[in-house]
Amino acid sequence: MTTTAQQTEAATAVTTWLAEFSAALAANDPVRAAAAFTEDCFWRDLISFTWNFRTFEGRAEITRMLEATLSRVQPAGWTVTDGEEPAETGGITEAWINFETSAGRGHGHLRLRGGQCWTLLTTLYELKGYEEPKGLRRPMGAEHGANRDRTTWLEDREYERKKLGITEQPYVLIVGGGQAGIGLAARLRQLSVPTIVIDKRARPGEVWRSRYKSLCLHDPVWYDHMPYLKFPDNWPVFSPKDKIADWLESYTKVMELNYWPSTEATSASYDEASQEWTVNVERDGQAVVLRPKQLVLATGMSGKPNIPSFPGMDKFRGDQHHSSAHPGPDAYRGKRCVVIGSNNSAFDICGALWESGADVTMVQRSSTHIVRSATLMDIGLSALYSEQAVDSGITTEKADLIFASIPYRIMHLFQIPLYDQMRERDKDFYDRLEKAGFDHDWGDDGSGLFMKYLRRGSGYYIDVGAADLVANGDVKLVRGQVDHLTQDAVVLADGTELPADLVVYATGYTSMNGWAADLISTEVADKVGKCWGLGSDTTKDPGPWEGEQRNMWKPTQQEALWFTGGNLHQSRHYSLFLALQLKARQVGIPTPVYGLQEVHHLS
């Protein structure tokens, strides 16, 4: 328990540091400001200083950034957030802080060690003069008094629907109507940025409805809220796919989004002179040309299927499809089913097929990390995303910022002890799994699921029961590489033949810039480069070190082209910063980008 004396000491340390840091910034002295940091420091900035997502490591990088940005940013008003007392634990003092820039207002998080800053997070949360209409600024809704020219809310919405995209062009076009696309659209709506979301499917949420029937969210409800509209208190911990689909559909209506279903973008090009896109779309079978200033691809970090090309696929007489197109298990009762892959979708599909009475074989081609759902919730998530966290005052927004405050360079050091605990707690489970022949790993450095997700977006399974089927032998397991298919079997490189009536390719997804190649051009996709990953130089995440997720929610090498995606947590949290970047450009606020990401990998 923290004593009053410790609280006072922590508050004094933070106040002293803020005073010195603020004075150095006011004096336009980057070297002095950087000297307030430890030698092994990290400063993560989400658009407040850089109009970019950048993490600066060490005093030299901080000095260079401040030399380039300080005169423009004019940061001031550094204070401890009201009601958030600084606290000290294990020699580290933490504090929540507020500040202002010439463009807006920011929140931040500070960690001091020995009186100097070890980690600093700075984020911009609103633009001056363009605050969201909430709280005391919320709209009246009703117009009191007498007015012969009065229009109703419904009439205003109908008028907007008829003109936007027809007689008036959107400022932002979002391609992809999943959770990332509509969450960003909701942010932009609150900032009065004319926006259209298009999706080729007939209804919002249809991408969820069309997936195999056993699909559900593997992340708990506290982790998965959408912007503005949180799930009710009685919402299930793990949302079934059709329930989340209905929620997303209702979200588009409640948040008053301009959502065009049954609309597919067929081509896009950018005109440097006019600084606008020409996007050809087919809407309900009719050709429409849209000319947005900004184009956002929200087509899914796991949206472009990675479909393998094995010899003999054209000869196979049974059913075969990628996991994204798997209709569910009902048609395969009593059938011989081979699932190629050993990650989330593979396990989910194997489990559902086994439950339906199919003969199921999993083909594991490379090692996979597995963590049991209950253990992950207890050890990995409960401090930030749980009912207990909410009860202790950790709101979703606060949890997001706490997670964001840990620099990616050292995040694995925070994760490794957690996964060591998980390994010990579920030792019997892992022993059984490996005895069954399963090739299990804990990540290249033992840091487990979250780092695998951030680095490569693959190679893991959150176990909700199907792993026991593999451990018990109910789902048969073979390890090896696929050599070819015959008319009725999958043949591995060692000659093992797996008779099959169904082959499911649970082989993952390719980089999001593949969507840019399809829609715009290969040249633009290569100009942008690979999406996702940190440059950690671990498996499937080649270096050099980037420090942030490649190309996500921030400016890219292609002017006016943006990417959004990831899990519900990332889509919710980072959509705010993407929306503010777009709003600033719409209203003419200067947005010079510091440290635009270089391209090291094309896909």
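What you see is a predicted model, and the numbers here were worked out from it, not measured in a lab.

Quick notes on the sheet that holds strand S9 (residues 195-198)
Taken together, the five strands give an open sheet; going across it, the order is S10-S9-S8-S14-S25, and neighbouring strands pair in parallel fashion. Either end of the sheet is taken by a strand with one partner, and the two such strands are strand S10 (259-260) and strand S25 (561-563). Bridge analysis of strand S8 (residues 172-175) against S9 gives four bridges, and the strand direction is parallel. From the neighbouring strand, Leu173 faces S9, where its bridge partner is Ile196. The strands that helix H18 (residues 568-587) touches are S8, strand S14 (294-297) and S25; relative to S25, the one it contacts most, it runs at about 165°.

Let's talk about unusual backbone geometry
Look at the link from Gly543 to Pro544: it is a cis peptide, with omega at 10°. Along the chain, Pro544 turns up in the loop between helix H17 (522-528) and S25. Positive phi values are uncommon outside glycine, yet Asp284 reaches one of about 50°. Following the sequence through the fold, Asp284 ends up in the loop between strand S12 (276-283) and strand S13 (286-290). The exposure class assigned to Asp284 is exposed, which follows from its relative accessible area of 56%. Within the chain, Trp532 stands out as a residue other than glycine whose phi angle is a positive 80°. Along the chain, Trp532 falls in the loop between H17 and S25.

Some words on the pairing of strand S2 (residues 53-57)
If a strand is regular, its side chains alternate between the two faces of the sheet. With five bridges joining them, strand S1 (residues 37-46) and S2 adopt antiparallel strand pairing. Note that in S2 the partner of Leu46 across the bridge is Phe53. Hairpin connection, S1 to S2: the antiparallel pair is bridged by six residues, and Ile47 has positive phi, about 70°.

Considerations on the environment of Trp553
In this structure, Trp553 sits in the loop between H17 and S25. The class for Trp553 is buried, based on a relative accessible area of 1%. For the pair Trp553 and Asn567, spaced 14 residues apart in the sequence, the C-alpha separation amounts to 13 Å. Once you skip the residues sitting within four places of it in the chain, Trp553 turns out to touch Phe53, Trp532, Phe563, Thr564, Gly565, Gln570, Tyr574, Leu578 and Gln581. Within the structure, Trp553 has its side chain in polar contact with the side chain of Thr564 (distance 3.3 Å).

Some thoughts on the side chain of Asn258
Its location among the elements puts Asn258 in the loop between helix H7 (241-254) and S10. A distance of 3.4 Å separates the side chain of Asn258 from the side chain of Arg157, its partner in a polar contact. Ignoring any residue separated from it by four or fewer positions in sequence, one finds Asn258 in contact with Arg157, Glu160, Arg161, Leu164, Arg189, Thr195, Ile196 and Val197.

Points about the pattern of salt bridges
In this structure the tally under the stated criterion is 38 salt bridges. Put simply, Glu206 and Arg209 hold a salt bridge, and the shortest N to O gap is 3.0 Å. Here Arg209 and Glu206 lie together in helix H6 (residues 206-209), a separation of three residues that amounts to about one turn. According to the relative accessible area criterion, Glu206 is partly exposed, its value standing at 24%. Here Asp518 makes a salt bridge to Lys304, at a shortest N to O gap of 2.4 Å.

Some points on the sheet that holds strand S21 (residues 482-485)
Within the open sheet, the three strands sit side by side as S21-S22-S23. Their pairing is antiparallel. Both edges of this open sheet fall to S21 and strand S23 (497-499), since each of them pairs with a single strand only. On average, each strand axis in the sheet is tilted by 25° relative to the strand beside it, whichever way the strands run. With three bridges connecting them, S21 and strand S22 (residues 489-492) associate as antiparallel partners.

Focus: the packing of aromatic side chains
In this structure the tally under the stated criterion is 30 aromatic pairs. Aromatic side chains Phe310 and Tyr505 sit 6.2 Å apart centroid to centroid with 45° between the ring planes, which places their arrangement in the tilted category. Residue Phe310 is located in the loop between S14 and strand S15 (319-322), and its partner Tyr505 is located in strand S24 (residues 502-505); the two are separated by 195 residues in the primary sequence. Overall, the relative accessible area of 12% leaves Phe310 in the buried class. Taken together, a centroid distance of 6.3 Å and an interplanar angle of 75° make the contact between Tyr453 and Tyr460 edge-to-face.

Quick look at the packing of helix H5 (residues 179-190) against H18
At their nearest, the axes of H5 and H18 sit 8 Å apart, and the two run at 40° to each other. Taken together, H5 and H18 sit at an angle that is classed as oblique. In this structure, H5 meets H18 at a crossing whose hand is right-handed. Along its contact with H5, which presents Gln179, Ala180, Gly183, Leu184, Arg187 and Leu188, the element H18 presents Leu568, Ser571, Arg572, His573, Ser575, Leu576, Leu578, Ala579 and Leu582. When its residues are assigned to classes, the contact of H5 with H18 shows eight nonpolar, five polar and two charged.

Examining the environment of Thr496
Take Thr496: it is sitting in the loop between S22 and S23. Those residues in contact with Thr496, other than ones at most four positions away along the chain, are Val490 and Val491. Among the polar contacts listed, one links the side chain of Thr496 to the side chain of Asp494, at a separation of 2.8 Å.

Let's talk about the state of the cysteines
Disulfide: a covalent bond connecting the sulfur atoms of a pair of cysteines. All chains considered together, the criterion is met by zero disulfides. With no disulfide of its own, Cys117 lies 6.9 Å from the sulfur of Cys41, the closest cysteine sulfur. With relative accessibility at 0%, the residue Cys117 sits in the buried group. Left without a disulfide partner, Cys337 is nearest to the cysteine sulfur of Cys350, which lies 8.8 Å away.

What about H7?
In a regular helix each residue adds 1.5 Å, so 14 residues correspond to 20 Å; H7 covers 20 Å between its end C-alpha atoms and thus fits that length. By the burial criterion, the buried members of H7 are Lys241, Ile244, Ala245, Trp247, Leu248, Glu249, Tyr251 and Thr252. At its buried positions, H7 is contacted by H5, H6 and S10.

Parameters and conventions
Throughout this document, residue positions are counted from 1 along each chain, in the order its sequence is written. Confidence filtering applies because this is a predicted model: local features only for residues at pLDDT of at least 70, side-chain atom pairs given and counted only at 80 or more, and all residues used for totals across whole chains, interfaces and linings. Derived side-chain values reflect all non-hydrogen atoms in the structure, with water molecules and hydrogen atoms excluded from consideration. In this description, strands pair whenever DSSP reports at least two bridges between them. Secondary structure elements are defined from DSSP: runs of H or I of at least 4 residues count as helices, runs of E of at least 2 residues count as strands, and each element is numbered from the N terminus. Whether two residues are in contact is decided by their heavy atoms, any of which lying within 4.5 Å being enough. Fitted lines through C-alpha atoms serve as axes, helices being fitted only where they are in contact, and the angles separating the N-to-C directions of these axes extend from 0 to 180 degrees. Each residue is assigned to one of three classes by its accessible area relative to the maximum for its type, calculated with a 1.4 Å probe on protein chains only: buried under 20%, partly exposed between the two thresholds, exposed over 50%. We define a polar contact as two N or O atoms separated by no more than 3.5 Å, with the added condition that, inside protein, one atom must be a possible hydrogen donor and the other a possible acceptor, whereas residues neighbouring each other in sequence contribute only through side-chain atom pairs. Definition used for salt bridges: Asp or Glu carboxyl oxygen within 4 Å of a side-chain nitrogen of Lys or Arg. Ring pairs shown here join Phe, Tyr and Trp side chains whose ring centres sit within 6.5 Å, with only the six-membered ring taken for Trp; geometry is labelled stacked below 30 degrees between planes, edge-to-face above 60, and tilted in between. Working definition: roughly parallel below 35 degrees, roughly antiparallel above 145 degrees, roughly perpendicular at 65 to 115 degrees, and oblique for all remaining angles. The crossing is said to be left-handed when, going from far helix to near helix, the turn is anticlockwise and less than a right angle, and right-handed when the turn is clockwise. When residues are sorted by character, Ala, Val, Leu, Ile, Met, Phe, Trp, Tyr, Cys and Pro go into the nonpolar class, Asp, Glu, Lys and Arg into the charged class, and all the rest, Gly among them, into the polar class. Disulfides are defined in this document as cysteine sulfur pairs within 2.5 Å. In a helix, the anticipated span is given by 1.5 Å times the number of residues less one.

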